[in-house]
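# An overview of the molecular structure
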Amino acid sequence: MKKLLFIFLAITSFASAQIAETAEDISPLLIGEKIPKQDLISVDDKLVSTTEIFNEKTVLILYRGGWCPYCNAQLMEMQEIESQIIEMGYQIVAVSPDSPKFLKETTTEDKLNYQLFSDSDGKFSQALGIAFKREKPKLEKYSEGKNPGFLPVPTVYVLNENREIEFLYINPNYSKRLKGDLLLSVLKNL
């Protein structure tokens, strides 16, 4: 019985860590589930565990990369409402497949105050169930050769201090993003 349970859990873990064929085929973690323990890389090129990053209420933004104009517009909109988000007791954290070098460029160019982390190898996006297959050329450059050919579907999670998902916005159409005023309304009502 224990062996059967182990095999089932191993298959379930393997299945959830796959990269979907298309953005429409993803299977994201949902409200009530917990963000998994995973290592990300800071802009200073240091490994940091999600248990350290998400130990307080968090607005988590997963985006395609600093090369994406829709992503940059979303990051800048979050910067504009950052003080209101902080007043409500939340931090903002953004994660992309970009390497730390390109994260620094995004932080500087967009004048971002909040934390950005790298998921160049895609393990975090896969664990969240939001990774899908994509052509490598641009991804290879911005991940400095670590991206195995994936992108995350742009996603916003609102997490409590226990890394549990309390709100989720995701859309396979990368041009459709959660607006800042809607996010503020959500945060006020959580």
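As a starting point, this report considers the structure included with it. (Residues numbered from 1 in each chain as written. Predicted model: local features only at pLDDT ≥ 70, side-chain atom pairs only at ≥ 80, totals over all residues. Heavy atoms only, no water.)

## Regarding the overall build of the protein chain
- Regarding its fold elements, the protein chain presents eight helices and nine strands.
- Looking at the protein chain residue by residue over its 190 residues, the buried ones come to 48%.
- Taking the contacts inside the protein chain whose residues are at least 6 apart along the sequence as the reference set, 68% of them involve residues at least 24 apart. (Helix = DSSP H or I, 4+ residues; strand = E, 2+ residues; numbered from the N terminus. Buried < 20%, exposed > 50% of the residue type's maximum accessible area, 1.4 Å probe, protein only. Contact = heavy atoms within 4.5 Å.)

## Here we look at helix α8 (residues 180–189)
- Where α8 is concerned, the buried positions are Gly-180, Leu-183, Leu-184, Val-186 and Leu-187. Looking straight down α8, one finds that the buried residues subtend no more than 160 degrees of arc, so they occupy a single side. Opposite the packed face of α8, turned more than 90 degrees from it, sit the exposed residues Asp-181, Lys-188 and Asn-189.
- Residues of α8 that are buried in the fold lie against β3 (58–62), α3 (69–80), α4 (82–87), β8 (155–159) and β9 (165–170). (Arc of directions from axis to C-beta.)

## Looking at α3
- Between its first and last C-alpha atoms α3 spans 17 Å; for 12 residues at 1.5 Å apiece the expected length is 16 Å, and the two agree.
- Residues Cys-71, Asn-72, Gln-74, Leu-75, Met-78 and Gln-79 constitute the buried set of α3. The buried residues of α3 occupy an angular sector of 160 degrees when the element is viewed end-on, so they sit on one face. In α3, the exposed positions angled more than 90 degrees off the buried face are occupied by Pro-69 and Glu-80.
- Along its buried surface, α3 packs onto β3, α4, β4 (91–96), α5 (100–109), β8 and α8. (Expected span 1.5 Å × (residues − 1).)

## What about the nonpolar core?
- Core analysis: the biggest nonpolar cluster contains 52 residues, and Ile-35, Val-59, Leu-60, Ile-85, Phe-124, Tyr-157 and Leu-183 have the highest contact counts within it.
- Once residues lying within four places of it in the same chain are set aside, the contact partners of Leu-60 are Ile-35, Phe-54, Val-93, Val-95, Phe-124, Thr-155, Val-156, Tyr-157 and Leu-159. (Core = buried A, V, L, I, M, F, W, Y, C linked by side-chain atoms within 4.5 Å.)

## With respect to the pairing of β3
- The buried count for β3 comes to five of five residues, which makes it a mostly enclosed element.
- Covered by surrounding structure in β3 are Thr-58, Leu-60 and Leu-62 together with Val-59 and Ile-61, the residues of both alternating faces.
- Relative to β8, β3 is paired through five bridges, and the arrangement is antiparallel. Pairing of Thr-58 across the sheet is with Leu-159, part of β8. (Pairing = 2+ DSSP bridges.)

## Topic: unusual backbone geometry
- Of note in the backbone geometry, Asp-45 takes a positive phi value of approximately 65 degrees without being a glycine.
- By the secondary structure assignment, Asp-45 is in the loop between β1 (39–42) and β2 (47–49).
- Even without a glycine there, the phi angle at Arg-163 is positive, about 70 degrees.
- Among the secondary structure elements, Arg-163 is positioned in the loop between β8 and β9.
- Classification of Arg-163 by relative accessible area gives buried; the value is 16%.

## Remarks on the packing of aromatic side chains
- All told, the structure shown has three aromatic pairs when counted by the stated rule.
- Both rings, one in Tyr-70 and one in Tyr-174, keep their centres 5.5 Å apart while their planes meet at 70 degrees; by these two values the pair is edge-to-face. Placement of the pair is Tyr-70 in helix α3 and Tyr-174 in the loop between β9 and α8, with a sequence separation of 104 residues.
- Classification of Tyr-174 as partly exposed rests on a relative accessible area of 35%.
- For the ring pair Phe-102 and Tyr-142, a centre distance of 4.6 Å and an interplane angle of 55 degrees mean the geometry is tilted. Here Phe-102, found in helix α5, pairs with Tyr-142, found in helix α7 (residues 137–142); they are 40 residues apart in sequence, far enough to count as distant. (Phe/Tyr/Trp six-rings, centres within 6.5 Å; stacked < 30°, edge-to-face > 60°.)

## Overview of the side chain of Ser-143
- With respect to the secondary-structure elements, Ser-143 resides in the loop between α7 and β7 (150–152).
- Engagement of the side chain of Ser-143 in a polar contact is seen with the backbone nitrogen of Asn-147, the distance being 2.8 Å. (Polar contact = N/O pair within 3.5 Å; in protein donor to acceptor, adjacent residues only side chain to side chain.)

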